[in-house]
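For reference, the chains in residue letters:
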Amino acid sequence: MEVTPACYAHLTSMLMSLANGKICVVLEGGYCLKSLSEGVALTLRTLLGDPCPLIGSIAEPDASAVETILNVINAHRPFWKCLQFQGTTQSVDLDIYSDTVSKKVDILEDNDWPNHKTTFEYVGVPPEEPFPLSGFYPVQSEAVKVELAKRIDELISKTDLLFPTQRTCIAYDKRMALHRNLQEIHPEKPERLMAIVTRLEEAELLQRCKLLESRMSTEEELALIHRKEHVQEMKDTETMKPREMLKVAEKFRSIFLCHDSYRSSLLAVGSVLQIVDEVVSGRSQNGAAAVRPPGHHAENDEACGFCIFNNVALAAKYALDKHELQRILILDWDVHHGNGIQNSFYDDPRVLYISIHRYNNGGFFPSWKNANYNYVGKGRGEGFNVNIPWNTVGLGDADYLAAFTNIVLPIAYQFDPQLVLISAGFDAARGDFLGNCKVSPEGYATMTQLLCGLANGKVILTLEGGYNLRALSASFAMCVKVLLGDSFVSPPPGPGPCDSAIQSINNVISAHKKFWSCLKYQVNLPALKVENEEGKSELVQGAEGGIPSSLTEDFAQLNLTISAEDEYDSFAAYAVIPKTDCPHLKFVDSLMKTFNLDVSTSKCSRCNEMQENWICILCHEVYCGRYINGHMLDHYEENTAHCLAISLSDLSSWCYVCDSYIHDENILTSIKEVLHEKKFGHPPPKPSLS
């Protein structure tokens, strides 16, 4: 085999995003002592939080490995919704599966993918009893041993084990809050920055980061991306009269300006460049930039979409020119397509730009067709522009992680970046009214963890969008927590990626598989015969849900649910204090004794799930929480008067308008007593005074 010691560190790093980071590595085999000891040492470094060493560009996967992986996918995709990215064909001899049927069926997907024939072959010889202990194992010649030792020494010599003295640096400046819309309340408001800083301080994360001194970018630095005319026009706004400034803003799409906009934008760019210097020079391992205004929509000659200068595009060009890097990955998970970044590097093979965004067939901002999957770059940059466009609302962790495992990580590992820049918009977060998606803080943390395995851990996260202050601040803090090397709560189990996301991901793979040899798994698989619990066999083609139903039932019996809406506090180690003055409780009829509900068997009114359900206090309807399908939130959004709900798991109460847990001794206590008695068959215990 040809697995390098460094590869085990990367495999370990990926697994650390699971099970809340609880991972135990137990030694089994490994008989080349030098390779074994190096692999164990690098794995241990990863467990200790050190960055994964570089492993170089991943070569084309071996044909035999591809065949094996496809065979395993075919065997397991009836049970796992996450394995639904191959097509289906029954163009096989069914006597492979049956002793009584011998005929061919031809049911092909409507695509031009190749057909993979799953094979079952055993050519081994049963071992003797007892198994021989000597004279059986292969013996390497001295020449082979010398050659292997030479190769391993070469790998060791190329493994960079240096680690910066500072883990995470951060840059922000409160003067960026001076940029504001003077005409109306705007989503891109100063409170976004302050909410992030406050949350980092409360979680004691800011104190653990190296705070860099902010600076303003120079006009020469802005000229790396932007035309001088654009820079001058923005500079002139500092002295314009309000009416003149308004006319300038109205020339652009979704832009507001004030006298402090230009200087705030200079601070945003300069702060990001400070982090680039810090990380690329090796003084800090990674960094986070809490900056505004955002940047990824800004074109080289005009402002666009709340963005004046393109912070991340400038950071990439700065790293290419000043630090002479050759390969930079920009991962843009803002819910909007980063048109400005794409256009800045569309023909440049040194920058791999991957954007995961809502597209809605061109109906979502910025609403340009070049945000679609078939825009792959041009000239020498062909294949280095990867758009992953979502065409529906409500996509969440499962969809984004499917994009990561099927597209982002394979291509990124083959590209082998020297620096990773994250255009980190948090407007795909659950609760963000502009994005209407459902990514959790844990989902963002998982994506950050997976990216930290690249580029020897040199990762810089830069704020873009995100307009629900609670979701924004919690998600940013979770990402900083990961950068600091802390463990985090993993996304909960749930349904796999939706059909629309699967279609989008397959479209991207179809467009890019000719550029990237890692995307070799887009084929049609035959229907496979499996045995059920009764020993009967049947042909199966694909899973309907994400978790086998028997497991779902087991989870339900264990009652291991997490209270809904707790996602924005899951990174912190302190209790959530409920709001005691919710004004919306005045609409509540406290006499809930009249409703007829079996709490122990209540199902979501829309999806029939029994896990993590909530009851609307006003209409007594039951819907599932955000860790399942989010139907209680949907219920509120359809009828905003129904903003109050109680968890049937832990009897906590939530107000969607206040965006907070709530409690009221006079109103909610009696309701919770009723629910407790219905759930457990007896009243809640009285508090002890002893």
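Before any of the text, the structure's been laid out above.
Computed from a prediction, not measured in an experiment: that's the story for all the values here.

Enquirer: Please give an account of unusual backbone geometry that cites residues and values.
Expert: Between Arg-292 and Pro-293 the backbone carries a cis peptide bond, its omega angle lying at 5°. Among the structural elements, Pro-293 can be located in the loop between β4 (284-289) and α10 (311-321). A cis amide bond, omega 5°, links Phe-365 with the succeeding residue Pro-366. At Ala-19, a residue that is not glycine, the phi angle is positive and equals roughly 55°. The phi angle at Ser-367 is positive, at roughly 65°, despite the residue not being glycine. By the secondary structure assignment, Ser-367 is in the loop between β6 (351-358) and β7 (385-390). A relative accessible area of 35% means that Ser-367 is categorised as partly exposed.

Enquirer: Any details on the packing of helix α13 (residues 441-451) against helix α14 (residues 469-483)? Residues and values, ideally.
Expert: At a closest axis distance of 8 Å, the pairing of α13 and α14 adopts a crossing angle of 30°. α13 and α14 meet at a crossing whose hand is right-handed. Of the residues in α14, those in contact with Pro-441, Glu-442, Tyr-444, Ala-445, Thr-448 and Gln-449 of α13 are Ala-474, Ser-475, Met-478, Cys-479, Val-482 and Leu-483. Class assignment for the residues of the contact of α13 with α14 results in eight nonpolar, three polar and one charged.

Enquirer: Let's hear about the nonpolar core: which residues, and what values?
Expert: Of all hydrophobic cores here, the largest spans 120 residues; its most connected members are Phe-309, Ile-330, Trp-333, Ile-388 and Phe-476. The residues contacting Phe-476, other than those within four sequence positions of it, are Ile-196, Leu-200, Ala-288, Ala-289, Ala-290, Phe-426, Leu-461 and Leu-463. Val-588, Tyr-623, Leu-648 and Leu-675 belong to the second-largest nonpolar core, a separate cluster that totals 29 residues.

Enquirer: Account for a nonpolar patch on the surface, naming residues and giving values.
Expert: Together, Met-1, Val-3, Tyr-8, Leu-11 and Met-14 make up a nonpolar patch on the protein surface, roughly 550 Å² of accessible area in all. Mapped onto the fold, Leu-11 is located in helix α1 (residues 5-15).

Enquirer: I'd like to hear about the packing of α1 against helix α2 (residues 33-47), residue by residue, with values.
Expert: Contact pair α1 / α2: the axes reach a minimum separation of 8 Å and the direction vectors enclose 30°. With respect to their mutual orientation, α1 and α2 come out roughly parallel. In this structure, the crossing between α1 and α2 has a hand that is right-handed. Together, Pro-5, Ala-6, Tyr-8, Ala-9, Thr-12 and Ser-13 of α1 and Ser-35, Glu-38, Gly-39, Leu-42, Thr-43, Thr-46 and Leu-47 of α2 make up the contact between the two elements.

Thresholds applied
Residues numbered from 1 in each chain as written. Predicted model: local features only at pLDDT ≥ 70, side-chain atom pairs only at ≥ 80, totals over all residues. Heavy atoms only, no water. Helix = DSSP H or I, 4+ residues; strand = E, 2+ residues; numbered from the N terminus. Buried < 20%, exposed > 50% of the residue type's maximum accessible area, 1.4 Å probe, protein only. Axes fitted to C-alpha atoms, helices over the stretch in contact; angles between N-to-C directions. Left-handed = near helix turned anticlockwise from the far one by under 90°. Contact = heavy atoms within 4.5 Å. Nonpolar A, V, L, I, M, F, W, Y, C, P; charged D, E, K, R; others polar. Core = buried A, V, L, I, M, F, W, Y, C linked by side-chain atoms within 4.5 Å. Patch = residues over 30% accessible without salt bridge, like charges linked within 9 Å, V, L, I, M, F, W, Y side chains within 5 Å. Areas by Shrake-Rupley, 256 points an atom, 1.4 Å probe, with all protein chains shown as cover. Salt bridge = Lys/Arg side-chain N within 4 Å of Asp/Glu carboxyl O. Parallel < 35°, antiparallel > 145°, perpendicular 65-115°, else oblique.

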